[in-house]
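Descriptive structure summary
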Amino acid sequence: MTITAIVQAVEEYAPRALQESWDNTGWQISPQAVTSGQCSGVMLCLDVTPAVVAEARALGCNLIISHHPLLFRGPRTIDGSTPGQRALVDAIRAGIAVYSSHTALDSAPGGVSHHLGTLLGLTDMRPLSPSHSDPSAGLGVIGTLPGPGITLPALIDLVKKVYRQPALRVTPGPAGTTIPTDDQEPATADTPLIRTVALCSGSGGEFIPDTIRAGADAYITSDVRYHDFLDYGRDIVIVDTGHFESEICTKSIFSRIISQKFPNFAVHMASCEHPPVQYV
């Protein structure tokens, strides 16, 4: 199996043309620079760190596929002074090619946000910010929960379960919506229900006005700024998750893409990755 054949499978699912103009989806270290082209194993990760490169090397993988680009803003000097530069140097020395699919995977039909929406039980999903070149692609999704909807406490519990996160930052939303407490009163007929939900994996605060215009009851994303909470927190329920927790599922998406195309090929998910932020 060749390295380029595996990456081609990823690009068929998430074409590089879908990436945002500021992004660096694509080869970070090309196979021509470090290896013969035959793939001895692929390591999947969210971030390319020295620990991920070491794990790939220990398992005999000469290809790493990540969500976040290893090279985002071009370095002026390669001196190994940062974790990213150390990962770059270590990968080159070990003969490991690196490919990243960032906003291309985010925008692909069935991409990261769609994957999360499916786990949350959303139906009738459509892109929140459609791509100009493909209306079925785009960043974020908006969809509906089954039935009449759920209360905010139930939504918070659902997001915690799906994102595997013990705590969230949440706004109360429109008047009448309640945030759960230890002595939470049971829902009544007058309790507002959340049915239309928008979400965006990673940092999606810029789309809050879009979610309000689209009529969403709640918006789930990460890295929301204080002033976004202040300006929009009474117009829509904002659920702020961890960035890591919203995108670690990319390893499962990459694994599914590769395994469906090459069912007998060994695919490894980095086991050394852990949330960089702890909730105490």
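The present account deals with the structure reproduced in this document.

The rules behind the values
Residues numbered from 1 in each chain as written. Predicted model: local features only at pLDDT ≥ 70, side-chain atom pairs only at ≥ 80, totals over all residues. Heavy atoms only, no water. Pairing = 2+ DSSP bridges. Helix = DSSP H or I, 4+ residues; strand = E, 2+ residues; numbered from the N terminus. Contact = heavy atoms within 4.5 Å. Axes fitted to C-alpha atoms, helices over the stretch in contact; angles between N-to-C directions. Buried < 20%, exposed > 50% of the residue type's maximum accessible area, 1.4 Å probe, protein only. Right-handed = clockwise from strand over helix to strand, strands pointing away.

1. Let's talk about the sheet that holds strand β7 (residues 169–170)
With mixed pairing, six strands are arranged side by side in an open sheet as β5-β6-β8-β9-β10-β7. Sheet topology places β5 (123–130) and β7 at the edges, where each strand pairs with a single neighbour. The sheet strands contacting helix α7 (residues 152–163) are β7, β8 (196–203), β9 (218–222) and β10 (237–241), and the helix crosses β10 at an angle near 20°.

2. Here we look at the pairing of strand β3 (residues 63–66)
Every second residue of β3 is oriented toward a common face, with Leu63 and Ile65 on one face and Ile64 and Ser66 on the other, all of them buried. Pairing between strand β2 (residues 42–45) and β3: four bridges, direction parallel. Bridge assignment links Val42 to a residue of β3, and that residue is Leu63. With respect to chirality, the unit in which β2 leads through helix α3 (residues 50–58) into the neighbouring parallel β3 is right-handed. Pairing of β3 with strand β4 (residues 97–100), which is carried by four bridges, proceeds in the parallel orientation. Residue Leu63 lies in a different strand from β4, and its bridge partner there is Ala97. Read from β3 through helix α4 (residues 83–94) to β4, the crossover connection turns out right-handed.

3. A word on the sheet that holds strand β11 (residues 267–269)
Reading across the sheet, the five strands line up as β1-β4-β3-β2-β11 and stay open at both edges, with mixed pairing between neighbours. A strand with exactly one partner marks an edge of an open sheet, and here the two such strands are β1 (26–29) and β11. The sheet shows a mean angle of 25° between the axes of neighbouring strands, taken without regard to direction. In the packing of helix α11 (residues 250–261) onto the sheet, contacts are made with β2, β3 and β11, and the angle to β2 comes to roughly 145°.

Spatial relationships are all this shows, so hold off on functional conclusions.
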